[in-house]
Amino acid sequence: MYRYDAQQNWSHISGQQQSPINITTHHRQLIATRPTFTTYQLTKIQNLGFKLSLSGHGQATLQQRPGQWQELHFHYPSEHHFDDQAAALEAHFVHQFKNGQKAVVGVLFQLGAPNPVLQQILTQVPPQAQSQTTAITVTDWLTNTAYYHYMGSLTTPPIIEGIEWYLAQQLQTVSPQQLTQFQQFFAKNNRDIQPLNDRAIFKLD
Ligand SMILES: [Zn+2]
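Per an unreviewed UniProt entry, the chain is named carbonic anhydrase, and its organism is Agrilactobacillus yilanensis. Of the comments in the UniProt record for the chain, the one headed Catalytic activity (unreviewed entry) reads "hydrogencarbonate + H(+) = CO2 + H2O". The UniProt entry for the chain carries the following text under Sequence similarities (unreviewed entry): "Belongs to the alpha-carbonic anhydrase family."

Visitor: Now, about the pattern of salt bridges: what can you tell me, with residues and values included?
Guide: In this structure the tally under the stated criterion is four salt bridges. One salt bridge in this structure joins Arg 3 and Asp 5, with 2.9 Å as the shortest N-O distance. The residues Arg 3 and Asp 5 share a single accessibility class, namely exposed. Here Asp 205 ties to Arg 34 by a salt bridge, and the two come within 2.7 Å at their closest N and O atoms. A residue pair is termed long-range when its members are at least 10 positions apart, and Asp 205 in the segment after strand S16 (202-204) and Arg 34 in the loop between strand S2 (29-31) and strand S3 (36-37) qualify at 171 residues. For Arg 34, a relative accessible area of 36% puts it in the partly exposed group.

Conventions we followed
- Residues numbered from 1 in each chain as written.
- Predicted model: local features only at pLDDT ≥ 70, side-chain atom pairs only at ≥ 80, totals over all residues.
- Heavy atoms only, no water.
- UniProt positions renumbered as here; feature names shortened; annotations may be inferred.
- Salt bridge = Lys/Arg side-chain N within 4 Å of Asp/Glu carboxyl O.
- Buried < 20%, exposed > 50% of the residue type's maximum accessible area, 1.4 Å probe, protein only.
- Helix = DSSP H or I, 4+ residues; strand = E, 2+ residues; numbered from the N terminus.

Shown next, in the form of structure tokens:
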């Protein structure tokens, strides 16, 4: 296992396009097409001990290309920042295009009202090293929002680059109690903010 308190020791091929980053939200170059999503339904929750891994059915259209949703997991606190502000939690929907390239759709959660979808997940988490079948619709987290897009990397080793990132502008909420529940399942797991370097951030709206 890699350690979040010793990130400088993570083995990786060093590059200039690492994730996560701080997203400055103003004056972004506009791409006039929002991502679209079919109904996203979770069918399986796995408790891996160090993280929750969820999977199910769903397909995104990202800049006119279909991306198959493969997996959902969470980080707390959030990995990406908006205007130098971290959020309480971040969901990563990992997708794959036909050519094998990956795209991650991220959703940030700020402290606030209890999240009903998150509650369904939390009440169905199986014991450690077990999985649970389920039927939870998570589409509402993805739709009716603009997205920020940039080219980055995986945020866990081997930190491979060439990953398309799409971050929902609309933040969801998580209650303090829900966040405490989450903390029972895995330890703090956010990678440090990485330099933007010579990268463009686009807004899809
Ligand atoms: Zn992730």
